[in-house]
Amino acid sequence: MTRKRDVQESDSRAMLDGRRLDIDIKGMSCASCVGRVEKALRAVSGVSEVSVNLATERAHIVFEQGREDGAAAVEAIIDAGYEPQVQTLELRVSGMSCASCVGRVEKALRSLQGVLDAQVNLATEVATVQVISGMATPEALVDAIRRAGYGAEKSGSTTEQEARAGEEREMEARQLKRSVWFAAALTLPIFVLDMGSHFIPPFHHWLLQIVGQQNLFYLFFVLASLVQFGPGLRFYRKGWPALVRGGPDMNSLVMLGTSAAWGYSVVATFVPHLLPEGTVHVYFEASAVIITLILVGRLLEARAKGRTSEAVKRLIGLQAKTARIVREGQEQEVPIGEVRLDDLVRVRPGEKIPVDGEVVEGHSYVDESMITGEPLPVVKEQGAEVVGGTINKTGGFTFRATRIGADTLLAQIVRMVEQAQGAKLPIQALVDRVTNYFVPAVIGASLLTFMVWIFLGPAPALTFALVNAVAVLIIACPCAMGLATPTSIMVGTGKGAELGILFRKGDALQRLRDAQVIALDKTGTLTRGRPELTDFIVAEDFDENTVLRLVAAVERLSEHPIAEAIVAAARERGLEVGEGSDFAAEPGFGVVATVAGRRIQVGADRFMRRLDLDPDVFAQQAQDLSSQGKTPLYAAVDGRLAAILAVSDPIKDSTPAAIKALHAEGLRVVMITGDNRRTAEAIGRRLGIDQVVAEVLPDGKVDAVRELQSGERKVVFVGDGINDAPALAQADVGIAIGTGTDIAMESAEVVLMSGDLRNVPNAIALSRATLTNIKQNLFWAFAYNTLLIPVAAGILYPFLGLLLSPVFAALAMAASSVCVLSNALRLRRFSPPIPAQVAKETITG
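Predicted model only: the values in this text are computed from it and were never measured.

1. Things to note about the packing of helix α10 (residues 250–270) against helix α16 (residues 461–475)
Here is step 1 of the chain: Where α10 meets α16, the axes come as close as 8 Å, and the angle between the chain directions of the two elements is 155°. It follows that α10 is roughly antiparallel to α16 by the angle criterion. Between α10 and α16 lies a crossing whose hand is left-handed. Contacts from Met250, Leu253, Val254, Leu256, Gly257, Ala260, Ala261 and Tyr264 in α10 reach Leu462, Thr463, Leu466, Val470, Leu473 and Ile474 in α16.
Here is step 2 of the chain: Here the residues of the contact of α10 with α16 sort into 12 nonpolar, two polar and no charged.

Below, the structure written as structure tokens:
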């Protein structure tokens, strides 16, 4: 367990100190490309961790402390033959007055790591900066300009940048579509004239009489060459450099296969005397059809990849496009990217709240279902926090912007989903090892096939050798292997986001599937986290209202939910809650303060015993209260035991159904709480919990989780409070209730945005469905290549007289990738075992 925690802490630190770097990469087409990029990056000095994802086309790099070198990482990617994605950002610059100002700003920008070029326009006061995507953030560029002595702000929001990335993917799909139509238009005549003449003898004889065989060959040459070096040129541009570097990829296989078929046909057409007698055949239709089919497959892949990230698109779509701000007493509408911290933002009824902030004026109700899943609008008045993307319902109000751009909650959710989608699961390790050697092995198999048929095949041996060697090259599909895992992760984590289940770390998908024990914190997890004072019993010689007023004055100084319940109860009775002083809190025991000159101590029975007070005076009352699932507390006034009080935290409506669903999955359910044993066991019996670990101090939750992990059991811990953070990190998978604290959510790998406990079994079910989907994809990808490469080599010919045409090999190759992607997309139809509160705005977009 120490290793897992160290990895978590390392990743957390990387995010904080800039050691982590994400770079978008163009040009990767298969799993072997992924292997080469990872190998190149691991060779960079200072790199401690590398993960490259084919589906997201992104490299995730972690550097050792003090050895960050993004430029070296970019150079390694370029040397490996791939293209780090370049992003163009625009910044508004103020304070420039002359050309020297322009020069200083440009110099400041170009000095940043990851900046390729910077052009500043004095007239428009706009800086256009080209950066390696992921290396230089807009915030870093703005800071550089400000350090140079000028004002600067982003002219586009994070969501706008994501939208541009989406537009680039759509543009690539459009280019592929044009290539497919162009290739198909040229290939169809070859296919009809050549294959038609084989199947319809009268048509064949008519063609020979009217056109002539040689003229047909010339026509096929022209059409096939236009396909080969038009739409097919993309395979040469990527495949040849990869082959020269000794790291062939899928493009290399297509390039070699189609070039062999096209080149042989050129020789047969123009210099047939160079070929042995009986081997003069043309395969122009094979080269053209192969390229067309593979382009069709790539187009379908591009479209399917776009659908895998629809969850992120929907989340981005939740953000408002503009904001109505008040500056210098004037109200103006600006793009959301121009909102600054501390800006005053006005929101009218029915509008989306643009950024996170704090209400300073007005009163309204806000629909926060996209975040919490709660269907009822929440009242917002002065001092209340509002979240960007939520919808104002009734009144209007003004709020101060406290978090903008990438810091808003919605942007953080998008980032969490993207990071999870880009993760690499442990199951991917096997795929990586195989694909590193796969393409060279295929080329070797193709050469071996050629040699076997040349020396052992029937006449015409050269023709058989060429056709089967090309078929081996074309049938091999590392694309399917490379897409098998990441596409399922993207769709699975995206579906989770729609259900209000955020996987902060993608590998939690795999570990969650293996869960055996579900350990649950009580307060705020099983219960609503809003306790109520239910009983208040005083000892002899004490007045109930007086003691309650004193206790409330002490608890008023505490932020604990129980303290709020006691203060609320005192005010409901009309009691005046005074001021306390010398307040001190001892976690797990109680609180102490001085009120009106009297020393007041409130806490658990163990606190009273430490004060040499005997809580057994109230033994019968404590037993009765505990049996009802209430938490007994004690109050002492000036060193005398004065009262026993009971606080009850109502069980969430969703809790019983969640516990039942977890049991249905064969999981052991454990409750860990600081409550006394009698109270905890009463709640445990009521909910049907298998094991209760009670009277646990905050720092004891980690030990409790470790104890549950004995015997190699996989433990999931679910909690929401600050004191749950260590236990969340210790568990095999930590699940944080999204309505809890930021610290808890940072320590967890999974976040339930709605706080609905029913999403715990739903998350486990989604994890299992995703892993099953991945295994199906891997089986298909490996089985396809294992079975069909020998068939393409001609292994069935001696027994059945069957050979696999290169055209059908291309069709099967394209189909394999499309099948893997289609299977991954089935996860979009995942239905959770039990209905739960979800962010409905997220689903509908």
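2. Remarks on the pairing of strand β23 (residues 598–603)
Here is step 1 of the chain: Relative to β23, strand β22 (residues 590–595) is paired through six bridges, and the arrangement is antiparallel. Within β23, the residue paired with Ala593 across the bridge is Ile600.
Here is step 2 of the chain: Hairpin connection between β22 and β23: a loop of two residues separates the two successive antiparallel strands, and Ala596 in this loop has a positive phi of roughly 50°.

3. Considering the packing of aromatic side chains
The geometry of an aromatic ring pair comes down to the distance between the two centres and the angle between the two planes.
Here is step 1 of the chain: Here the structure, examined in full by the defined rule, presents 10 aromatic pairs.
Here is step 2 of the chain: Aromatic side chains Phe397 and Phe399 sit 6.2 Å apart centroid to centroid with 45° between the ring planes, which places their arrangement in the tilted category. Comparing Phe397 with Phe399, the two get one shared label, buried.
Here is step 3 of the chain: When the ring of Trp453 is compared with that of Phe464, the centres are 5.4 Å apart and the planes differ by 25°; the resulting orientation is stacked. Residue Trp453 is found in helix α15 (residues 428–456), and its partner Phe464 is found in helix α16; the two are separated by 11 residues along the sequence. Grouping residues by exposure puts Trp453 and Phe464 together as buried.
Here is step 4 of the chain: One aromatic cluster in this structure is built from Tyr218, Phe221, Phe229, Tyr236, Trp262, Phe270 and Phe284.
Here is step 5 of the chain: The positively charged end of Arg606 is found above the aromatic ring belonging to Phe589, 5.8 Å away from the centroid.

4. Regarding the side chain of Thr269
Here is step 1 of the chain: Looking at where Thr269 falls in the secondary structure, it is placed in helix α10.
Here is step 2 of the chain: For Thr269, a relative accessible area of 3% corresponds to the buried category.
Here is step 3 of the chain: Discounting residues that sit within four places of it in the chain, Thr269 has contacts with Gln214, Phe217, Tyr218, Val282 and Phe284.

5. Observations concerning helix α21 (residues 561–572)
Residue pairs spaced three or four apart in an α-helix point in one direction, given the helix's 3.6 residues per turn.
Here is step 1 of the chain: Helix length check: α21, at 12 residues, gives a terminal C-alpha distance of 16 Å against a target of 16 Å (1.5 Å per residue), a fit within 8%.
Here is step 2 of the chain: Residues of α21 that are buried make contact with β20 (532–538), α20 (544–555) and β25 (640–648).
Here is step 3 of the chain: Following α21 by one or two positions, Gly574 adopts a phi angle in the positive range, close to 80°.

6. Considerations on the sheet that holds strand β9 (residues 322–327)
Here is step 1 of the chain: One open sheet holds the six strands; their spatial order is β10-β9-β11-β17-β12-β15, and the pairing between them is antiparallel. Two strands in the sheet have a free side with no partner beyond their single neighbour: β10 (330–335) and β15 (385–386).

7. Considerations on the UniProt feature "transmembrane region" (unreviewed entry) in the protein
Here is step 1 of the chain: In this structure's numbering, the residues bearing the UniProt feature "transmembrane region" (unreviewed entry) are residues 179–196, 216–233, 253–275, 281–300, 434–456, 462–485, 778–797 and 803–825.
Here is step 2 of the chain: The span residues 216–233 is 78% helix and 0% strand, and its two end C-alpha atoms sit 24 Å from each other.
Here is step 3 of the chain: Across residues 281–300, helical content stands at 85% and strand content at 0%; the span's end C-alpha atoms are separated by 33 Å.

8. Observations regarding the packing of helix α24 (residues 655–664) against helix α29 (residues 759–793)
Between two packed helices, both the angle of their axes relative to each other and the distance between the axes serve to describe the pair.
Here is step 1 of the chain: Between α24 and α29, the shortest axis-to-axis distance is 8 Å and the interhelical angle comes to 30°. On the basis of the axis angle, α24 is roughly parallel to α29. Here Ala658, Ala661 and Leu662 of α24 lie close against α29, whose contacting residues are Val760, Pro761 and Ile764.
Here is step 2 of the chain: Of the residues contributing to the contact of α24 with α29, the split by class is six nonpolar, no polar and no charged.

9. Quick notes on the nonpolar core
Here is step 1 of the chain: Residues Ile23, Met28, Leu41, Ile518, Val718, Ile735 and Val760 are the most contacted members of the largest nonpolar core, which totals 127 residues.
Here is step 2 of the chain: The element best represented in this core is α29, accounting for 12 residues.
Here is step 3 of the chain: Not counting the four nearest positions on each side in its chain, Leu41 is found in contact with Val47, Val50, Val52, Ala59, Ile61, Ala73, Ala76 and Ile77.
Here is step 4 of the chain: Residues Ile566, Leu613, Tyr634 and Val647 belong to the second largest nonpolar core, which totals 39 residues.

10. Some thoughts on the environment of Ser581
Here is step 1 of the chain: Along the chain, the position of Ser581 falls in strand β21 (residues 580–586).
Here is step 2 of the chain: On the accessibility criterion, Ser581 (35% relative accessible area) is partly exposed.
Here is step 3 of the chain: Along the primary structure Ser581 and Arg599 are separated by 18 residues, whereas in three dimensions their C-alpha atoms are 9.8 Å apart.
Here is step 4 of the chain: For Ser581, the residues in contact, after removing those within four places along its chain, are Leu557, Ala593 and Thr594.

11. Topic: a nonpolar patch on the surface
Here is step 1 of the chain: On the surface, Leu448, Met451, Val452, Phe455 and Leu456 cluster together to form a nonpolar patch covering roughly 560 Å² of accessible area.
Here is step 2 of the chain: Summarising the element assignment, Phe455 is placed in helix α15.

12. With respect to the pattern of salt bridges
Here is step 1 of the chain: Counted by the stated rule, this structure contains 27 salt bridges.
Here is step 2 of the chain: We note a salt bridge from Lys495 to Glu498, for which the minimum N-O separation is 3.6 Å. On the criterion of helical spacing, the pair formed by Lys495 and Glu498 is a turn pair, its members being three residues apart in helix α17 (residues 478–498). Of the two residues examined, Lys495 and Glu498, each falls in the buried class.
Here is step 3 of the chain: Salt bridges linked by common partners bring Arg324, Glu331, Glu333, Arg346, Arg348 and Glu351 together as one network.

Procedures and definitions
- Residues numbered from 1 in each chain as written.
- Predicted model: local features only at pLDDT ≥ 70, side-chain atom pairs only at ≥ 80, totals over all residues.
- Heavy atoms only, no water.
- Axes fitted to C-alpha atoms, helices over the stretch in contact; angles between N-to-C directions.
- Helix = DSSP H or I, 4+ residues; strand = E, 2+ residues; numbered from the N terminus.
- Parallel < 35°, antiparallel > 145°, perpendicular 65-115°, else oblique.
- Left-handed = near helix turned anticlockwise from the far one by under 90°.
- Contact = heavy atoms within 4.5 Å.
- Nonpolar A, V, L, I, M, F, W, Y, C, P; charged D, E, K, R; others polar.
- Pairing = 2+ DSSP bridges.
- Phe/Tyr/Trp six-rings, centres within 6.5 Å; stacked < 30°, edge-to-face > 60°.
- Buried < 20%, exposed > 50% of the residue type's maximum accessible area, 1.4 Å probe, protein only.
- Lys NZ or Arg CZ within 6 Å of the ring centre and 35° of its normal.
- Expected span 1.5 Å × (residues − 1).
- UniProt positions renumbered as here; feature names shortened; annotations may be inferred.
- Core = buried A, V, L, I, M, F, W, Y, C linked by side-chain atoms within 4.5 Å.
- Patch = residues over 30% accessible without salt bridge, like charges linked within 9 Å, V, L, I, M, F, W, Y side chains within 5 Å.
- Areas by Shrake-Rupley, 256 points an atom, 1.4 Å probe, with all protein chains shown as cover.
- Salt bridge = Lys/Arg side-chain N within 4 Å of Asp/Glu carboxyl O.

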